[in-house]
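For reference, the chains in residue letters:
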Amino acid sequence: MSSNKNKTVLVAGGAGYIGSHTTVELINAGYDVVIADNLSNADISAVKGVEQIVGRSVPFIQVDCCDIDALRREVFGKYSFASVIHFAAYKAVGESVSEPLKYFRNNLQSLLNVLTLMKEFDVPNIVFSSSATVYGQPEVLPATEATPRQRANSPYGLTKQMSEDIIQDTVAAVPFFKAIALRYFNPIGAHPSALIGELPKGVPANLVPFITQTAAGIRKELSIFGDDYGTPDGSCLRDYIDVVDLARAHVAAVGRMVENQSAERYEIFNIGIGRPVSVLELVKLFEEVNGVPVPHKIVARRPGDVEKIWAATDKANEVLGWHAERELGDTLRAAWAWEKHVRGL
Ligand code: UD1
């Protein structure tokens, strides 16, 4: 099958939360996208939502990136790609603690397969979904890309660190490879159309899906994990980045590599808003902008949580030319609009 080599991006994990939003922004920016996803933690309705937003069909291949023969046959052998964006990974921190081998096997094997096939098929560029979790609890805030990584406190986090290292060493060894790792802080929100968003299976572990489900009456009340931290209101501080802004960072990263603007063949960027927001502030803002109560109570700290982290975004702003644009209140409105859409409210 022919496709324009310089404009086609493989989005591995493109039916997921961040992958679906990134697919929309890539198409808006003029790229062609091929989605590969095994639908293990995503629904085909996300692809339909993407197609509705962009007004055209998007090639979708149901394939497991851990199956290298299928990935070669169905994806790399059929299209020519300018870049890969690799989202295809498990991401539940708690589950990774109880099932570490599942996380190491899936998250590392899928990356190894993608890199192997990139080399085999001369695909030069990859954007990798990394995470602020690689920093642990930094001693100095905000975290810059030069902040030392600390050993991750979950197998999930370890797979992000190991994946970064695998990419760095592979890029060093393969002269035509370039890579950008994006370290996401806390991605939240949904597309303003409410046609795509986050769709957690079971009880949400993350804050915003728990807030929206509580507002919708699906959960009785939100538990706030600790109000005795050394922070202004005692609750944890995070850097909540709108998923559409985050999606645009991937477009900027692909553009940087495709247009040969990388300063080094392996680069890292923090992607956040660069401002700390407490859990209590976030809940209050959600209630205010949406005019809906979120019943909540304070409970004990959650094991493994860091007290506070937020990003230095200077490098992303100045070097990548990317800025977070969406207001936090608008992001929380979009999160609620999406929940209402999903529940038919
Ligand atoms: C977690 C992971 C991170 C991962 C990210 C996205 C850890 C240490 N970090 O970030 O690696 O990339 O999810 O999946 O696990 N909170 C509540 N009540 C809730 C849920 C959360 O008070 O019901 C609080 C948490 O204590 C935290 C904040 O809300 O302070 C954000 O939590 P969450 O959305 O789970 O993200 P992180 O833990 O920051």
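Look up: the structure comes first, before these words.
K.L.:
Explain the overall build of the protein here, please?
P.N.:
Each helix and strand in the protein was counted, giving 11 helices and 13 strands. Compactness check: the protein gives a C-alpha radius of gyration of 19 Å against a globular reference of 20 Å for 345 residues, within 12% of the reference. Considered along the principal axes of its C-alpha atoms, the protein spans approximately 55 × 45 × 40 Å. Every one of the 345 residues in the protein was classed for burial, and the buried ones make up 53%. Taking the intrachain contacts of the protein between residues at least 6 apart in sequence as the baseline, contacts between residues at least 24 apart amount to 80%. Carbon and sulfur atoms make up 50% of the accessible area of the protein, which amounts to about 14,500 Å² in all.

K.L.:
What is the right way to look at the environment of methionine 118 in this model?
P.N.:
With respect to the secondary-structure elements, methionine 118 resides in helix α5 (residues 100-120). Each C-alpha atom of the pair methionine 118 and lysine 78 lies 13 Å from the other, and the pair is 40 residues apart in sequence. When sequence neighbours within four positions are dropped, the list of residues in contact with methionine 118 reads Phe76, Val84, Val123, Pro124, Asn125, Ile126, Phe176 and Phe177.

K.L.:
Explanation requested: the nonpolar core in the structure shown.
P.N.:
A general tendency of soluble globular proteins is for nonpolar side chains to be buried together. Counting 38 residues, the largest nonpolar core has Leu26, Leu182 and Ile271 as its most contacted members. Elements supplying a minimum of two residues to this core: β1 (8-12), α1 (17-28), β2 (32-37), α2 (44-54), β6 (178-184), α8 (243-258), β11 (266-271) and α10 (314-320). In terms of residue count, the dominant contributor to this core is α8 (eight residues). Sequence-distant contacts of leucine 182, defined by excluding residues within four places in its chain, comprise Val127, Phe128, Ser129, Ser130, Ser131, Ala249, His250, Ala253, Phe269, Ile271 and Leu320. Listed in part, the 31 residues of the second largest apolar core include Phe76, Met118, Ala179 and Ile268.

K.L.:
Any chance you could explain the sheet that holds strand β5 (residues 125-131) here in plain terms?
P.N.:
Strand-to-strand pairing in sheets goes through backbone hydrogen bonds, with the strands running parallel or antiparallel. Judged by pairing direction, the sheet is parallel, and its seven strands sit side by side in the order β3-β2-β1-β4-β5-β6-β11 without closing on themselves. Each edge of the open sheet carries a strand with a single partner, namely β3 (60-62) and β11. Direction aside, the axes of adjacent strands within the sheet are offset by 20 degrees on average. Summarising the sheet, β1 and strand β4 (residues 83-86) pair through four bridges and their orientation is parallel. Note on β4: the bridge partner recorded for leucine 10 is valine 84. Of the strands in this sheet, β1, β4, β5, β6 and β11 touch α8, which is tilted by about 160 degrees from β6.

What counts, and where the lines are drawn
- Residues numbered from 1 in each chain as written.
- Predicted model: local features only at pLDDT ≥ 70, side-chain atom pairs only at ≥ 80, totals over all residues.
- Heavy atoms only, no water.
- Helix = DSSP H or I, 4+ residues; strand = E, 2+ residues; numbered from the N terminus.
- Rg over C-alpha atoms; globule rule 2.2 N^0.38 Å.
- Buried < 20%, exposed > 50% of the residue type's maximum accessible area, 1.4 Å probe, protein only.
- Contact = heavy atoms within 4.5 Å.
- Areas by Shrake-Rupley, 256 points an atom, 1.4 Å probe, with all protein chains shown as cover.
- Core = buried A, V, L, I, M, F, W, Y, C linked by side-chain atoms within 4.5 Å.
- Pairing = 2+ DSSP bridges.
- Axes fitted to C-alpha atoms, helices over the stretch in contact; angles between N-to-C directions.

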